[in-house]
Amino acid sequence: MSSQAWSAVDAYIADRLIGADAHLDSALSANAAAGLPAIDVSPPQGKLLHLLARSIGAKRILEVGVLGGYSTIWLARALPDGGRLVTLELEQKHADVAAANLADAGLSDRVEIRVGPALDTLPKLAAEAAGPFDLAFIDADKSNNANYFAWALTLSRPGSLIIVDNVVRDGSVLAGTDANAAGARALFDTIATEPRVTATAIQTVGSKGWDGFAIALVNG
Ligand SMILES: C[S@@+](CC[C@H](N)C(=O)[O-])C[C@H]1O[C@@H](n2cnc3c(N)ncnc32)[C@H](O)[C@@H]1O
């Protein structure tokens, strides 16, 4: 099957099970208008994140990598009243676009965007005792995935879910020589030897190509 067919099936899934959504659609338009790269999760993937957060009754969510806030909107919509999402972003411009998109979606009251390198912000969150987070979604610079996973684990509790995007990368996880492939392998090495989690990874195809999510449950 071609990537064109994967995209067509994604469009079918979105049409049948997701539908038009003015806030999500306008977030993608605003991202494009601001020149942000279209590297957000796809609509079916965003809804999967939403369903996972809802299914565990997540009240506190951590995200690493906001871009224009597309995945953030999906996740924040899963929060109950009083719930909170903290999302970390390196680029001020991305954070500004995301803040506007989140305001448009009526979610500013429950989302905090922290700007700076996530490896600087994560220790601060730990020092502030900002956790535990019920769900962490890691989707930033892939070379740091193992480090982000370690921090997400520090900021978790038994029963928390940690989800990492882009861990397959067109199969380059196996033998790719670039930093992103190495980051994916480092993540697998970390998870494989971490007794505090039970984990798997799922390959995905769709409008974003061939990739995958790692999903880890923090053990009791
Ligand atoms: C793949 S995009 C996030 C997409 C977003 N989660 C979505 O699906 O809508 C990755 C984001 O991580 C940010 N990023 C890259 N390096 C970072 C770092 N060291 N700390 C925090 N954010 C970083 C990038 O600027 C970019 O906005």
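Refer to the structure printed above.
Residues numbered from 1 in each chain as written. Predicted model: local features only at pLDDT ≥ 70, side-chain atom pairs only at ≥ 80, totals over all residues. Heavy atoms only, no water.

Under the definition given, this model contains 10 salt bridges. The residue Arg84 makes a salt bridge to Glu112 at a minimum N-O spacing of 3.9 Å. One end of the pair, Arg84, is in strand β2 (residues 84-89); the other, Glu112, is in strand β3 (residues 111-115), and 28 residues separate them in sequence. We classify Arg84 as partly exposed; its relative accessible area is 28%. With a shortest N-O distance of 3.8 Å, Arg110 and Asp109 are connected by a salt bridge. Among the charged side chains, a salt-bridge network with shared partners connects Arg84, Glu112, Arg114 and Glu128. (Salt bridge = Lys/Arg side-chain N within 4 Å of Asp/Glu carboxyl O. Helix = DSSP H or I, 4+ residues; strand = E, 2+ residues; numbered from the N terminus. Buried < 20%, exposed > 50% of the residue type's maximum accessible area, 1.4 Å probe, protein only.)

Attention now moves to the site of the ligand. Not every one of the 22 residues close to the ligand is listed here, only the nearest: Val41, Ser71, Glu89, His94 and Asp139. Separating a nitrogen atom of the ligand from a backbone N or O atom of Ala118 is a distance of 2.9 Å. Within the complex, 90% of the 610 Å² of free accessible area of the ligand lies under protein. Secondary-structure elements contributing two or more residues to the shell around the ligand are α4 (70-76) and β2. Tallied by class, residues from the shell around the ligand come to 12 nonpolar, four polar and six charged. (Near = heavy atom within 4 Å. Polar contact = N/O pair within 3.5 Å; in protein donor to acceptor, adjacent residues only side chain to side chain. Areas by Shrake-Rupley, 256 points an atom, 1.4 Å probe, with all protein chains shown as cover. Nonpolar A, V, L, I, M, F, W, Y, C, P; charged D, E, K, R; others polar.)

Within the fold, Asp21 resides in the loop between α1 (3-17) and α2 (22-33). Of the polar contacts made by the side chain of Asp21, one reaches the backbone nitrogen of His23; its length is 3.1 Å.

This brings us to the packing of aromatic side chains. Applying the stated criterion across every chain yields a total of zero aromatic pairs. Directly above the aromatic system of Phe133 lies the positively charged group of Arg60, at a separation of 5.5 Å from the ring centroid. (Phe/Tyr/Trp six-rings, centres within 6.5 Å; stacked < 30°, edge-to-face > 60°. Lys NZ or Arg CZ within 6 Å of the ring centre and 35° of its normal.)

This paragraph deals with the environment of Pro80. Within the secondary structure layout, Pro80 lies in the loop between α4 and β2. A sequence separation of 26 residues divides Pro80 from Arg54, and the C-alpha atoms of the two residues are 8.8 Å apart. Excluding residues within four positions of it along the chain, Pro80 makes contact with Ala58, Lys59 and Arg110. (Contact = heavy atoms within 4.5 Å.)

Right, let's get into the pairing of β2. Across a regular strand the side chains alternate sides, sitting on one face of the sheet and then on the other. Counting buried residues along β2, five of its six residues qualify, which places the element largely inside the surrounding structure. Bridge analysis of strand β1 (residues 60-64) against β2 gives five bridges, and the strand direction is parallel. Residue pairing for β2: Leu62 is matched across the bridge by Val86. Between β1 and its parallel partner β2, the chain crosses via α4, and the hand of that crossover is right-handed. When β2 meets β3, the two strands line up parallel, connected through five bridges. Each residue of the ladder has a partner; that of Leu88, found in β3, is Arg114. This β-α-β element, β2 to helix α5 (residues 92-104) to β3, shows right-handed connectivity. (Pairing = 2+ DSSP bridges. Right-handed = clockwise from strand over helix to strand, strands pointing away.)

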